[in-house]
Amino acid sequence: VQLQASGGGLVQTGGCLRLSCAASGRSLKQYAWSWFRQAAGKEREFVAGFTRSGGSVYADSVMGRFTISRDTAKTAVFLQMNDLKPVDTATYYCAADRNVINSNIRTQSAYHYWGQGTQVTVSS
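Quick summary incoming for the structure in this document. Throughout, a residue's number is its position along its own chain's written sequence, starting from 1. Predicted model: local features are reported for residues with pLDDT of at least 70 only, side-chain atom pairs are reported and counted for 80 or more only, and whole-chain, interface and lining totals are derived from all residues. Just so you know, side-chain values use all the structure's heavy atoms and leave hydrogens and water out.

All right, on to the overall build of the protein then. Put simply, DSSP marks the helices as runs of H or I at least four residues long and the strands as runs of E at least two long, and each gets a number from the N terminus on. When helices and strands are counted, the protein shows zero helices and eleven strands. When the elements of the protein are put in sequence order from the N terminus, they spell out β-β-β-β-β-β-β-β-β-β-β. For the exposure calls, accessible area comes from a 1.4 Å probe over protein chains only, and a residue counts as buried if that area is under 20% of its type's maximum, exposed if over 50%, partly exposed in between. The proportion of buried residues among the 124 residues of the protein is 43%. In the protein, which carries 13 positive and 7 negative side-chain charges, the distance between the mean positions of the two groups comes to 8 Å. We count Lys and Arg on the positive side and Asp and Glu on the negative side, and we leave His and both chain ends out. Charge coordinates come from a single atom per side chain, which is NZ of Lys, CZ of Arg, CG of Asp or CD of Glu.

In structure tokens:
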């Protein structure tokens, strides 16, 4: 499985971006599918994800501002990011795996497949 992330860029505080992550032409039904981010000098952290059963999960820091969605064919997942803040500046990665259980959805080591990352920079 290959994942391709895109949609990053430079925005001002309060702006919005929509990230996309496309699977390599195949459906990822029954896969957990998540977004993580890593700011400079910090560890990678969970942002938002879909459980294998389709439930959405969010980090507290983005709740109410970010929305994860996916296409009906389950070949792509999106992250709509609104009201962006400088603390959201990071490289964003998508990840997927069919063996992630709900309690591990926030654990990066639970994911086997990763996209290459897309940079999001929020200026103050």
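Moving on: the environment of A76. With respect to the helices, strands and loops of the structure, A76 is situated in strand β8 (residues 76-81). Exposure remark for A76: the relative accessible area of 10% places this residue in the buried category. In the structure, A76 is positioned 55 residues away from C21 in sequence and 5.4 Å away in space, judged by C-alpha atoms. The contact definition used throughout considers only heavy atoms, calling two residues in contact when any of these lie within 4.5 Å. Excluding residues that lie within four positions of it along the chain, A76 makes contacts with C21, A22, W33, S69, R70 and D71.

With that out of the way, let us pick up the pattern of salt bridges. Pairing between side chains of opposite charge can happen when their charged atoms approach one another. Should a side-chain nitrogen of Lys or Arg be within 4 Å of a carboxyl oxygen of Asp or Glu, the pair is scored as a salt bridge. Counted under the stated rule, the structure contains three salt bridges. In this structure, D88 engages R37 in a salt bridge whose closest nitrogen and oxygen atoms are separated by 2.9 Å. Highlighted residues: D88 in the loop between β8 and β9 (90-97) and R37 in strand β4 (residues 32-38), separated in sequence by 51 residues. Neither residue differs from the other here; D88 and R37 are each classed as buried. Here the residues in one salt-bridge network are R37, E45, R65 and D88, joined through shared partners.

Among the secondary structure elements, W114 is positioned in strand β10 (residues 113-114). Here W114 falls in the partly exposed class, since its relative accessible area comes to 26%. When the C-alpha atoms of W114 and A59 are compared, they prove to be 19 Å apart, with 55 residues separating the residues in sequence. The contacts of W114, once residues within four sequence positions are left out, are L3, F36, R44, Y93, C94, A95 and Q108. N or O atoms within 3.5 Å of each other form a polar contact, as long as, within protein, one can give a hydrogen and the other can take it, and as long as residues adjacent in sequence are counted only when both atoms are side-chain atoms. A distance of 3.2 Å separates the side chain of W114 from the backbone oxygen of Y111, its partner in a polar contact.

The next thing to look at is the state of the cysteines. Any two cysteine sulfur atoms lying within 2.5 Å of each other are counted as a disulfide. Within the structure shown, the criterion is met by one disulfide. Each sulfur of the disulfide joining C21 and C94 lies 2.0 Å from the other. Taking the torsion about the S-S bond as the criterion, the C21 to C94 disulfide, at about 65°, is right-handed. Taken together, the residues C21 in strand β3 (residues 17-23) and C94 in strand β9 connect sequence positions 73 residues apart. A residue is classified by how much of its surface remains accessible, and C94, at 0% relative accessible area, is buried.

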